[in-house]
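Topology and contacts: notes
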Amino acid sequence: MTNHWVDIKNANVVLIMGGNAAEAHPCGFKWVTEAKAHNKAKLIVVDPRFTRSAAMADYYAPIRVGTDIAFLAGIINYLLTHDKIQHEYVKAYTNASFLINDKYKFEDGIFSGYDEKARRYDPSSWGYEIGKDGYAVVDETLKHPRCVFNIMKEHYKRYTPEVVSNICGTPKETFVKVCETIATTSVPDRTTTIMYALGWTQHSQGTQMIRTAAMLQLLLGNIGMAGGGMNALRGHSNIQGLTDLGLMSNLLPGYMTIPFDREQKREDYLKVRTPKPLRPNQMDFPQNFPKWHTSLMKAWYGNAATAKSDFAYDYMPKLDRLYDVLQTFELMYQGKMNGYFCQGFNPLASFPHKAKIGKAFAKLKYLVIIDPLATETSEFWRNVPDYNEVKSEEVQTEVFRLPSTCFAEEEGSLTNSGRWLQWHYKGAEPPGEARGDVEIVADLFLRVRDLYRKEGGAFPDPILNLTWPYLIPQAPSPEELAKEMNGKALEDLADPKDKTKVLFKAGEQLPGFGVLRDDGSTACGCWIYSGCWTQAGNQMARRDNSDPYGVGQTLNWAWAWPVNRRVLYNRASSDPSGKPWDPKRKLVSWNGKAWGGSDVPDMRPDAAPEEHVGPFIMTPEGVARLFAPFGMADGPLPEHYEPFETPVDINPLHPKNPKATANPAARVFKGDMEVFGKSKEFPYAATTYRLTEHFHFWSKHVDFNAVTQPQQFIEIGEELAKEKGIASGQMVKVSSNRGFIKAVAVVTKRIKSLDCNGKKVHTVGIPIHWGFKGVTKNGYIANTLTPFVGDANIQTPEYKAFLVNIEKA
Amino acid sequence: MDMNRRQFFKVCGAGLTGSSLAMLGYSPQPVLAEVRNFKLARTTETRNTCPYCAVGCGVIMYSLGDKAKNAKAEIIHIEGDPDHPVNRGTLCPKGAGLLDFVHSESRLKYPEVREPGSKEWKRISWDEAMTRIAKHMKADRDKNFIAKNADGQTVNRWLSAGFLAASASSNETGYLTGKIVRSLGIVAFDNQARV
């Protein structure tokens, strides 16, 4: 989230789309209730189903699964057409005035630079026009045809209410009402907050869905404002933490990236990630990248990482491509992997195309499960009639199942969706011989290291030289690990302006990433977490819940990254002269000498407004990008593409160009394009989702939750039920091109058919929570049905929009 | 009788005497015979965070056991933390069921192995499990580690192994896991954030 949970109470309009906060984040949703009760806020819900969030809404708009870009682009067009934008904010804080070079083109759904065979774009034709001074050229009058504002206007003029209604199935008047309500927050003292979740991420165009909404918020002037922002409602208690720590194929802690094969020299690696400012006077905070990277290598490799050894640059593996889960399981399926570890994750149930996942596991030599619960994945080899049909004797995988502690039996921190790191304490011992995750991975590592010490072997250096300063080697403490993430001085750090003054003594915990250095004198395991455990102690364990300004800013409760900042881009809550846009909900403003207010300023504290330092300090331009000249794999501007399995067969915006039906830049593995389901065989749109009472495949092991929703069911609308002769309570068979499930049918008014491009589209709703382990009734794994294709930028699978057929079982 | 939660606990914890019951406003005579203590009065409160979604609701866990050396603490109740600025003492249906998660009959207790081709689990010791796994890892990494790619560039990666990390595990766990996994050269590395 750019903002945080409590801040939602400050909103004037709440848009819940691509998410269902009332059911998936009920305690967070309370802040929507507060906004309605105390701030007269209006709640709008846009969803294929009338969810419990919709039940609380002032206004509900139905939408066809996978068409959110069209809907949001339609709102952008409405705002531009009716001139309902926050003009001063857009001019000063976005790249609306920047000129794009003259090679940029967009034709019938494809941007310039497309390689059809590789399904990839070369983004060089999307770049800014660069002046002789090396800076991007701007036109502050916004009249130039190639300025971002006009390119954007031109691009979105196609998304009229009629076009939106045709693609999304939303009745025109309903759509326009949503636009009108949102447009009321284009004035400086009203804000919309957008709350979204996996309804936007789990699509082949998911990243662009989110980006369209972000553009909307920028046009309305809602980023950096109280009650505004782009608020991702994440799904797990520490998914934010693990993302921040870089536990993904191409990441390092703090969103730094792993080098590519071609970056053989550290200087090349650093250069690309240390951009020069694209406008004068900008902070361009990523200029500090070398400090973060050097400090990380010092934290991990200590004395083996010095200027001489290029800070152990080659110890880090390099990438020739992304090894996300779809790619990994494709390789596993091809027999190219030997071992795999599943810690607290149940991929047989969670990953798309269950049949492929099961077959992939069977090709491994060894599989290690680390979990507090007995999962389906751990028993992928067990024959369970109907639910998991497999010949155990043919599966040669050695499977180890290691019992771990659960949350109640460990100490440490978790990062919530609002970026708050909250410390928790241990209340009991785990059952039996279960051990903590830290002890388990530490034990494994020390044994492997020991084998390398004794026997030698393939490139042992990064293993032998990994810092391991823990007092009990087999049991590093949460305190030691947190302090390592925070970072410390490795030598006395002198003031650069006065070398006789020592700012930090060797061994001292550092106060934040602002003091990190690139010369090897500082160590820091995760630069964005620097400040979480300082010389003053564990900031994450603080419990002062006072809210002195009354806007929900509790700066002394726990600790947020970065540097305890609660609302990102909060400098944008004030106008270019430093006065708050909305004096009634102040965040941060200029007092004549410094920035300050109810939050830690997201700006150099002494940057006078006359210097025109932009609020979006993480971009080299200093302003936010309505047009993205680089960084997006599938285009600088979001465009509507259909899901890979579409009920309307073509893209209504590009009916004659099959290249532009689905996302042209999404990766599709060889052989998969041909097996996507077609509407002839699978006529109904389908989507998967959670119930209020359950959490994925986890809570079916919990008596309390199992009794509330004990049996697998699917949901269909009354019209479809009548068509197929299905009554509520009957067993039905739902099938896709990848397999089938059987479940009880619930016939409901809450899912209506939608008229899209001349077709009546029905949607089948598929809650996910059952499997063949646990105390609920055994059920089919819902992901038997879902497609093995992901988002063009991040490879998140398209769980939320695919095709099925349904019949009585 | 107007008192806050903490005062209430103090009163009940002070012992089951008629005096405390009288303070609660009960007529002492028939109630003095009752020697039952308030269930949570002798528990230890521990602060934790709900492990499910990313709202990060504060929870208070109540365990029996006085933290003496051989006393095994057992959690008997979990409820929302009223001081937490986000959830203010409330929990959703998932959080409300946390006690049954902690005590679920599906909790794993012992290391087990399923041998190739087998239809059953076999209980083994930690030592055997870790020895075998480490041996697999070493053999596989030595055999399949890619120091240089086909173009002779230094890449130092191990592609035949992968790791899925748990997004309900703590930052400290995640940090150490990441550090270890990268030192081995693994790039097939993700957590629930990918899906």
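Residues numbered from 1 in each chain as written. Chains lettered and ligands numbered in written order. Predicted model: local features only at pLDDT ≥ 70, side-chain atom pairs only at ≥ 80, totals over all residues.

Turning next to the overall build of chain A. On a plain count of helices and strands, chain A comes out with 21 helices and 33 strands. Relative to the 2.2 N^0.38 estimate, which gives 28 Å for 809 residues, the radius of gyration of chain A is 27 Å and therefore close to what a compact globule would have. Projected onto its principal axes, the C-alpha coordinates of chain A cover approximately 85 × 70 × 55 Å. For chain A, buried positions account for 60% of its 809 residues. At a minimum sequence separation of 6, the contacts of chain A that also span at least 24 residues come to 71%. (Helix = DSSP H or I, 4+ residues; strand = E, 2+ residues; numbered from the N terminus. Rg over C-alpha atoms; globule rule 2.2 N^0.38 Å. Buried ≥ 20, exposed ≤ 12 C-beta atoms within 10 Å, placed from the backbone. Contact = placed C-beta atoms within 7 Å.)

With that settled, consider the overall build of chain B. Counting its regular elements, chain B contains 7 helices and 8 strands. Here chain B holds 195 residues, and 45% of them are scored as buried. A separation threshold of at least 6 residues defines the contact pool for chain B, and within that pool the share at least 24 residues apart is 35%.

In this complex, chain A contributes 135 residues to the contact, which on the side of chain B involves 100 residues. Ranked by residues supplied to the side of chain A that touches chain B, first place goes to helix α17 (residues 437–455) of chain A with 10 residues. Split by residue class, the side of chain A that touches chain B holds 70 nonpolar, 42 polar and 23 charged. Across 3 bridges, the pairing between strand β14 (residues 398–403) of chain A and strand β4 (residues 112–114) of chain B is antiparallel. Within β4(B), the position partnered with A:Phe400 by the bridge is B:Val113. (Nonpolar A, V, L, I, M, F, W, Y, C, P; charged D, E, K, R; others polar. Pairing = 2+ DSSP bridges.)

All names here are of chain B. The antiparallel open sheet is built from 3 strands, whose spatial order is β1-β2-β3. Two strands bound the open sheet, and with one partner strand each, they are β1 (44–49) and β3 (74–80). Averaged over all pairs of adjacent strands, the angle between their axes in this sheet comes to 30°, without regard to strand direction. The pairing of strand β2 (residues 58–64) with β3 spans 6 bridges and is classified as antiparallel. Paired with Val 59 across the two strands is Gly 80, which belongs to β3. (Axes fitted to C-alpha atoms, helices over the stretch in contact; angles between N-to-C directions.)

Next up on the list: the pairing of strand β8 (residues 192–196) of chain A. Residue and element names in this part refer to chain A. Counted residue by residue, β8 has 5 buried out of 5 residues, so it is predominantly covered. With burial as the criterion, each face of β8 is covered, one bearing Thr 192, Ile 194 and Tyr 196 and the other bearing Thr 193 and Met 195. Inspection of the sheet shows strand β1 (residues 13–17) paired to β8 by 4 bridges, in the parallel sense. When the sheet's bridge partners are listed, Ile 16 is paired in β8 with Met 195.

So, about the nonpolar core. Counting 294 residues, the largest nonpolar core has A:Val14, A:Val148, A:Tyr196, A:Val734 and A:Val804 as its most contacted members. Among all residues touching A:Tyr196, those that are not within four sequence positions of it are A:Met17, A:Gly18, A:Gly19, A:Ile210, A:Ala213, A:Ala232 and A:Leu233. (Core = buried A, V, L, I, M, F, W, Y, C linked by C-beta atoms within 7 Å.)

To continue, consider the sheet that holds strand β16 (residues 420–424) of chain A. Taken in spatial order, the 3 strands make up an open sheet running β15-β16-β23 (chain A), and their pairing is antiparallel. A strand with exactly one partner marks an edge of an open sheet, and here the two such strands are β15 (412–415) and β23 (559–560) of chain A. Bridge count between β15(A) and β16(A): 4 bridges; the pairing is antiparallel. Paired with A:Gly412 across the bridge in β16(A) is A:His424. Packing against the sheet, helix α7 (residues 171–184) of chain B makes contact with β15 and β16 of chain A, and its axis sits at approximately 90° to β15(A).

Once that is clear, we can look at the domain arrangement of chain A. All names here are of chain A. When cut into domains, chain A gives domain 1 (6–118 + 140–232) and domain 2 (658–808). Summarising the inter-unit geometry, the C-alpha centres of domain 1 and domain 2 are found 26 Å apart. Between domain 1 and domain 2, the residue contacts involve 28 residues of the former and 33 residues of the latter. Of all the secondary structure elements, the ones that give two or more residues to the side of domain 1 that touches domain 2 are α1 (21–24), α7 (161–168), α9 (198–201) and α10 (206–220). Of all the elements, α9 adds the most residues to the side of domain 1 that touches domain 2, at 3 residues. The class makeup of the residues in the side of domain 1 that touches domain 2 is 10 nonpolar, 12 polar and 6 charged. (Domains from an automatic or database assignment.)

Residues and elements named next belong to chain A. Between helix α4 (residues 68–81) and α7, the least distance of the axes is 9 Å, while the angle of their chain directions is 165°. Relative to α7, α4 is oriented roughly antiparallel. Relative to α7, the crossing made by α4 is left-handed. When α4 is examined against α7, the residues Ala 70, Phe 71 and Gly 74 are found in contact with a partner set consisting of Pro 161, Val 164, Ile 167 and Cys 168. (Parallel < 35°, antiparallel > 145°, perpendicular 65-115°, else oblique. Left-handed = near helix turned anticlockwise from the far one by under 90°.)

With that settled, consider helix α8 (residues 172–183) of chain A. Taking 1.5 Å per residue as the helical rise, α8(A) with its 12 residues ought to reach 16 Å, and the 16 Å between its terminal C-alpha atoms agrees with that figure. Among the structural elements, β1, β2 (42–47), β3 (59–62), α4, α7 and β8 of chain A are those in contact with the buried residues of α8(A). (Expected span 1.5 Å × (residues − 1).)

Residue and element names in this part refer to chain A. Cis geometry is found at the peptide bond from Trp 561 to Pro 562, where omega equals -10°. Within the secondary structure layout, Pro 562 lies in the loop between β23 and β24 (588–590). For Phe 459, which is not glycine, the phi dihedral falls at a positive 25°. One non-glycine residue, His 612, adopts positive backbone phi at about 55°.

Here we take up the pairing of strand β7 (residues 154–164) of chain B. The element β7(B) is extensively covered by neighbouring structure, given that 10 of its 11 residues are classed as buried. Here strand β12 (residues 339–343) of chain A runs beside β7(B); their pairing, made up of 4 bridges, is parallel. Looking across to β7(B), one finds that A:Cys342 is bridged to B:Leu164. As judged from the 2 bridges shared by strand β6 (residues 146–148) of chain B and β7(B), these two strands associate in the antiparallel manner.

Turning to the environment of A:Tyr780, a few remarks are in order. Residues and elements named next belong to chain A. Counting through the fold element by element, Tyr 780 comes out in the loop between β32 (763–767) and β33 (802–808). Each C-alpha atom of the pair Tyr 780 and Gln 509 lies 51 Å from the other, and the pair is 271 residues apart in sequence. Non-local contacts of Tyr 780, meaning those with residues more than four positions away in its chain, are made with Tyr 387, Gln 712, Ile 741, Lys 742, Ala 743 and Trp 770.

Here the focus is the confidence of the model for chain B. Within chain B, residue pLDDT values average 89, and 83% of them lie at 70 or more. Our summary of model confidence lists the complex with pTM equal to 0.95 and ipTM equal to 0.97. (pLDDT = per-residue confidence, 0-100.)

Moving on, we get to the environment of A:Gly671. Residue and element names in this part refer to chain A. Position of Gly 671 relative to the elements: it lies in the loop between β25 (595–597) and β26 (684–689). Note on Gly 671: 8 C-beta atoms within 10 Å, which makes it exposed. Between the C-alpha atoms of Gly 671 and Lys 391, which are 280 residues apart in sequence, the distance is 26 Å.

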